[in-house]
Amino acid sequence: MSKTVLITGGAGFIGSHVVRLFVNKYADYKIVNLDALTYAGNLENLTDVANYSNYEFVKGDITDISFINSIFEKYNFDGVIHLAAESHVDRSISDPGAFINTNILGTVNLLNAARNYWKGNFKGKRFYHISTDEVYGSLGDDGMFTEDTSYDPRSPYSASKASSDHLVRAYMHTYKLPVVLTNCSNNYGGNQFPEKLIPLAINNIKNNKSIPIYGKGKNIRDWLFVNDHANAIDLVYHKGKNGETYNIGGNNEWQNIQLIYKLCEIMDLKLGRENGESAKLITFVKDRAGHDMRYAIDSSKIQKELGWKPSLEFEEGLEKTVDWYLDNETWLNNILSGKYEQYYEEQYVKR
Ligand code: NAD
Ligand code: TYD
């Protein structure tokens, strides 16, 4: 194997797409997927690659310092692509502690392990931290987030991610750790846990349950298809410059309510319902506390410097996403019933 790369959070939504891309594209790399399998981690996301010879799954928690040290000792990683995180804003509002532990302390553990095990010999090494556009705060009607926008996080989730971003940069300035960062907008696609807006709405529409829209549904997000994010991560890992940050986004802003109308239209077609039937399920509910109004990413830097661009129009991506959830009913049902949590036992423990 020419390189051993640690991917953290590889059993989650974005991480599983990154793992799949890397194990298929880089047969000469060994990919180690480290994941604690929290409620958001699901090895059923990776059944297609589970038995690849260049792939290994390791169950473990990034907040456990001795465990992290032991895997750095064991594998001698060339690079780290760090996605493991608590990622849901609503959960961060009801229980911020887990976000502080995983997103901040867990990241510091990885930074320390990389620093200690690479021992100042950073040639060919890379620590790649995956972050979010939410660290920049909330926009009004105009403007976009650039890499130079000041940080202004406003939820416990975004504050914990902002804190980890600062620490990653501090390790570069202080210890010369070769880091690179990306801040991406909202992702959508298959394998996303159905607590996030799009998969939650698809599941509710399918089951004729109400679609909860926070506040007036006027908040705006910039949506990017998850495979486009995975391709950007591949590019930045291999071609990004040390010490740089790249913003990644879909140039694709949608008001929540407009997005849900579009989704309902697609679902009506797919489910053979009369046009307008699914939209009757829309229900306005109490707003999220501190709900950020608008996110929009200026991704011109990664487009110009690394040649990345989104590959899909939103309507095409949304239709693909709907198809994925309708075609993967067992995946969804196993999450809803909690059965997916047994998969690890069956796949890895009883063998
Ligand atoms: P996710 O919640 O689907 O997956 C997170 C994964 O991390 C899960 O597999 C979980 O088991 C694992 N994990 C959580 N705590 C852990 C711990 N203490 N130790 C080891 N593993 C742990 O999240 P996602 O949506 O795939 O996001 C991945 C990364 O991308 C996160 O860092 C997130 O901040 C960032 N991001 C997400 C989005 C988005 O729209 N989803 C956008 C931009 C950036
Ligand atoms: P979400 O998918 O949680 O992503 P984020 O909060 O990280 O942007 O939410 C996307 C948008 O949808 C956000 O403005 C909150 C809103 N939302 C709802 O209106 N209803 C819901 O049930 C959820 C989960 C989100």
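In this report, the structure presented in the accompanying data block is examined.

Here is what the cut-offs are and how they apply
- Residues numbered from 1 in each chain as written.
- Chains lettered and ligands numbered in written order.
- Predicted model: local features only at pLDDT ≥ 70, side-chain atom pairs only at ≥ 80, totals over all residues.
- Heavy atoms only, no water.
- Near = heavy atom within 4 Å.
- Polar contact = N/O pair within 3.5 Å; in protein donor to acceptor, adjacent residues only side chain to side chain.
- Areas by Shrake-Rupley, 256 points an atom, 1.4 Å probe, with all protein chains shown as cover.
- Helix = DSSP H or I, 4+ residues; strand = E, 2+ residues; numbered from the N terminus.
- Nonpolar A, V, L, I, M, F, W, Y, C, P; charged D, E, K, R; others polar.
- Pairing = 2+ DSSP bridges.
- Axes fitted to C-alpha atoms, helices over the stretch in contact; angles between N-to-C directions.
- Contact = heavy atoms within 4.5 Å.
- Salt bridge = Lys/Arg side-chain N within 4 Å of Asp/Glu carboxyl O.
- Buried < 20%, exposed > 50% of the residue type's maximum accessible area, 1.4 Å probe, protein only.
- Expected span 1.5 Å × (residues − 1).
- Bend = angle between axes of the 7 residues up to and from the residue.

Once that is clear, we can look at the site of ligand 1. Close to ligand 1 lie 28 residues, the nearest being Ile14, Asp35, Ser87, Tyr157 and Lys161. Separating an oxygen atom of ligand 1 from a side-chain N or O atom of Ser87 is a distance of 2.7 Å. Summarising the interface, the protein chains cover 96% of the accessible area of ligand 1, which totals 830 Å² for the free molecule. At the level of secondary structure, the elements contributing two or more residues to the shell around ligand 1 comprise α1 (13-25), β5 (126-132), α5 (156-175) and β7 (186-188). Per element, the largest residue contribution to the shell around ligand 1 is 3 residues, and it comes from β5. The residue makeup of the shell around ligand 1, split by class, is 13 nonpolar, 12 polar and 3 charged.

Spatially, the 3 strands line up as an open sheet ordered β7-β9-β11, and their pairing is mixed. The outermost strands of the open sheet, each flanked by one partner alone, are β7 and β11 (253-255). With direction set aside, neighbouring strand axes in the sheet form an average angle of 50°. Here β7 runs beside strand β9 (residues 220-225); their pairing, made up of 3 bridges, is parallel. In the strand pairing of β9, Asn187 is matched with Leu224. Along the sheet, helix α7 (residues 226-239) contacts β7 and β9; its crossing angle with β9, the most-contacted strand, is approximately 70°.

What follows covers the pattern of salt bridges. On inspection of all chains with the given rule, the structure shows 14 salt bridges. Between Glu56 and Lys30 there is a salt bridge, and its shortest N-O distance comes to 2.9 Å. With a gap of 26 residues between them, Glu56 in strand β3 (residues 55-59) and Lys30 in strand β2 (residues 29-35) connect regions that are remote in the sequence. A salt bridge links Glu315 to Lys262; its shortest N-O distance comes to 3.8 Å. Taken together, the residues Glu315 in helix α10 (residues 314-327) and Lys262 in helix α8 (residues 256-271) connect sequence positions 53 residues apart. The network of salt bridges with shared partners includes Lys262, Glu265 and Glu315.

A few words now on the environment of Ser87. Structurally, Ser87 can be placed in the loop between β4 (79-82) and α3 (89-94). For Ser87, a relative accessible area of 28% gives the class partly exposed. As for Ser87 and Lys30, which are separated by 57 residues in sequence, their C-alpha atoms are 26 Å apart. Each residue touching Ser87, except ones within four places of it in the same chain, is listed here: Phe99, Tyr157 and Lys196.

The next point concerns the site of ligand 2. Residues in contact with ligand 2 amount to 17 residues; listed here are only the nearest, Glu134, Pro212, Arg221, Arg288 and His291. In this structure, Asn186 approaches ligand 2 through a side-chain N or O atom, which is 2.9 Å from an oxygen atom. A distance of 2.8 Å separates a nitrogen atom of ligand 2 from a polar backbone atom of Pro212. Bound to the protein, ligand 2 loses 96% of the 500 Å² it would expose on its own. Counting residues per element, the ones that place at least two in the shell around ligand 2 are α6 (197-206) and β8 (211-214). Element by element, the count of residues in the shell around ligand 2 is highest for β8, at 3 residues. Looking at the shell around ligand 2 residue by residue, the class counts come to 7 nonpolar, 5 polar and 5 charged.

Neither face of β4 is left uncovered, since the one carrying Gly79 and Ile81 and the one carrying Val80 and His82 both have all their residues buried. For strand β1 (residues 3-8) and β4, the ladder comprises 4 bridges, and the chain directions are parallel. Residue pairing across strands places Ile7 opposite Ile81, the latter belonging to β4. Direction of pairing for β4 relative to β5: parallel, over a ladder of 4 bridges. Residue pairing for β5: Ile81 is matched across the bridge by Tyr128.

Given a rise of 1.5 Å per residue, 23 residues ought to cover 33 Å, and the 32 Å separating the end C-alpha atoms of helix α4 (residues 96-118) matches this to within 8%. At Leu105, α4 shows its strongest bend, of approximately 25°. Lys119 occupies a position one or two residues after α4 and carries a positive phi of about 45°.

Read these as geometric descriptors, not functional statements.
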